[in-house]
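Listed below, chain by chain, are the residues.
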Amino acid sequence: MSATTALPEPDSHDPLRAGPEARRFGLALGAATLAALAAATLLPPPAAPPPARSIDILRPAEDRLAASLERLAAANPADADSLRRLVHQLRASHRPLQLAIALERLHGLTGEPEPLREAMQLRAELGDAAAARAALDRLSATGAATEQEALRLAALRIEAGDAAGAFAGLLAATSRTPTPELALRAMQAAARLPDPSLAMRPLGGLLAEVAPDLAEALRRVLMGDGRPDLALYLLEGLPPEDQSRPATGLLLAQAEARAGWAGAALTRLMALRATEGLPPGGGALLVELALREGQVEEAFAVAALLPPDAWPADLPMRLHEAARAQTRDAGGQSGLFRQIDPQRLAARPDAAAVVALARGDRVAARRFAQAALEQPPDSVEGARGVAAVLRELGQDQAAHDRLRRVVQGENPDPGSIRLFAELAALPERRAAALPLLERWRGQGPVAGEAWLRLALAEGRLADAAMFLRGGGTASPTALAGTLSMAAQQRDPALAEAAAAALRAAPALPEGWTTEEVAVAAALSRPLNPTTLSAALNLLAWAAEAAARDRVVLLLASAPEAGAAAAQLSGIQHPAIPRLKREAGASGEAGTARLALLAVLAPEEATPLLAARAESEPARFGAALVLARLRAEGMGAGVEGLRGLLPRLSRPQQEQVLFLSLASAPQAMQPALRGVAEETLGAGWRRRYESVLTRQGRRAELIAALRARAALADLAEREEIALRLDQLGDAAGAAAIRRGEDEEAP
């Protein structure tokens, strides 16, 4: 017999099988039953069952009352009191669905928010999300939503892709209850819109009316988070009378300058200077912008009026460099500096020394420099200026020796350590100074930065990375500079150490964001489609002009940019239009944008490059050739190259050809090598390989060596094979030794 049809076990409670105790229990139960039957004979007979029409009389009292109130409310639809009594009864009888319906009717009748709020909660508890959301929308539309309800509705709208609806609800809620959380969420919703200015300006106008302090707090948050564009739109929403105040004008200029509109910021400050006068801090910004925009005379005129404590630490050297670049002769330079009296800067001897020397007053410069030795500057820029003055005066060795003795002593002050490091920055002094600075590098960010700067200058990148990984400190500005340098030199270990130290710092340098830190660290490794996409995403949304400049310069110098971009071909990235707009700017950043555009969107870059190459063929010719190769094909690219080469000198021809060879797709290499052979003659390949070696372009160097091997004799092939072994291309070396002449793919 199977297990599924097994016989049941005997019932142990069967009275026929039970023991004495069970039998006693059975007898007791029988006696009780007989007693009950006897008692029943003494009761009156039961009543007849009630008729069907009077069934409702037997309902529970609360049911009958609810039904009665429902009929009363239906008979008097405009009577709120009847509906309230019904709501009270339904709540007491725990009928959630009927209660929610009644509450919604009560809200529709009276407009009171509380019934609808209770109904919304009931709908949510019943699992009716659509009805609960409709109630929340209704609360928002009637202006009755609380702060938390407004935030919840905004989150739902953002999740559904309705940023405009989220902003509208948050703006209305902020007008009723201007809290920091509502204003911040409204700003975040505005940032998601295609044109954030259309939302940020109304937000600025509203906050100026209902909560001016909150408007200023939000502006500070935006500037600190690297969104000067949103801060600018916020300020542009202020009433005209507020915008006309000098203090607000300075805030507008600060946002414009950081967002990339330096010319507009300079114009605004110059207008203020000519009318209302510059507020505190306005003069220093005007000088900086005037130098950036090439208006050197204006910069000097304003700098002459700045009080000593308003001079930025780097201003003296920047004025010196600008004047030298403009005039290139001592007479003109001294003429510009004649406007500035160094004696006015006596409280800042580091600045006064630079100004005095630029004016040609070496006696005053020596006096101020000696004062700066006694009172070392409290900034790297100030120390660098004093070191430059002392070198020009021929007194830097004595100052170096003096401060070396201080650093060799016990507990040197941070200022002396910083100035000693600047005096020891010359190549012949760095190696001897590093052990002295290493002794104090753990004593704080000033000493740590002094050692770090010299270690990096000496090429001790591994030691610098170890120092930072071990908890070594430096200023956020120095850490950011270290990260940028590590990315440029392709040192991932140092880049990651600097990035980690930056993230642990109390605050990032002005204009830096955590996203830029991550992208810069990633760009220290060979570029691939993933890192290229991340960098382009940053370029697409970054509002800080300086941040975009830094990322563009790193991308434009990446030798793998072409290959990574080829894998993203067919994708029109949102960063491309911005790159095109900014590619026409003057300076290094504009040129880097044009070079990057030539790789990412050659068809967009070709007209711009053609115009630039017309006046500067040596500088922009190679980029134009590569853009035509990518956009129009090999025939057009080679034709453009042949037309360009006769306009160049021999060194320029070599430079253009080598750059084209290093950057062109592999399929186009044979045609370009043919042009190089015709133009440069024999021996060009080895010179090209030397250029690639200096630039650290390993992949291109391997391809060039394997291409030369196809034309080489046996001895030269062995030499190339050995070189490939050194470069880690064992497969290529083995192929050459076997006599296989295929080039690297």
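For the structure itself, consult the block above.
A quick note: this is a predicted structure, and the numbers were derived from the prediction, not measured. (Residues numbered from 1 in each chain as written. Predicted model: local features only at pLDDT ≥ 70, side-chain atom pairs only at ≥ 80, totals over all residues. Heavy atoms only, no water.)

### Overview of the overall build of the protein chain
Regarding its fold elements, the protein chain presents 44 helices and zero strands. Looking at the 745 residues of the protein chain, the share that counts as buried comes to 45%. Looking at the protein chain as shown, the accessible area adds up to about 36,900 Å², and 56% of this sits on carbon and sulfur atoms. (Helix = DSSP H or I, 4+ residues; strand = E, 2+ residues; numbered from the N terminus. Buried < 20%, exposed > 50% of the residue type's maximum accessible area, 1.4 Å probe, protein only. Areas by Shrake-Rupley, 256 points an atom, 1.4 Å probe, with all protein chains shown as cover.)

### Let's talk about the nonpolar core
One finds L319, I340, L483 and L555 to be the most contacted residues of the largest nonpolar core, which totals 130 residues. Sorting elements by how many residues they give to this core places helix α20 (residues 349-359) first, with eight residues. Sequence-distant contacts of I340, defined by excluding residues within four places in its chain, comprise F300, A303, A304, W311, L319, L345, V355 and R359. In terms of nonpolar packing, the next biggest core, distinct from the first, is built from 36 residues, L151, A166, M200 and L203 among them. (Core = buried A, V, L, I, M, F, W, Y, C linked by side-chain atoms within 4.5 Å. Contact = heavy atoms within 4.5 Å.)

### Thoughts on the side chain of H107
Along the chain, the position of H107 falls in helix α4 (residues 96-110). Those residues within four positions of H107 in sequence are excluded, and the remaining contacts are E112, P113, P115, L116 and R138.

### So, unusual backbone geometry
A positive phi angle, near 55 degrees, is found at N411, a position not held by glycine. Even without glycine at this site, R490 takes up a positive phi of about 55 degrees. The topology assignment puts R490 in the loop between α28 (476-488) and α29 (492-504). Overall, R490 belongs to the partly exposed group, its relative accessible area being 27%.

### Here we look at helix α21 (residues 362-374)
Its 13 residues place the ends of α21 18 Å apart at the C-alpha level, agreeing with the 18 Å of an ideal helix rising 1.5 Å per residue. Within α21, burial applies to A364, A365, F368, A369, A372 and L373. (Expected span 1.5 Å × (residues − 1).)

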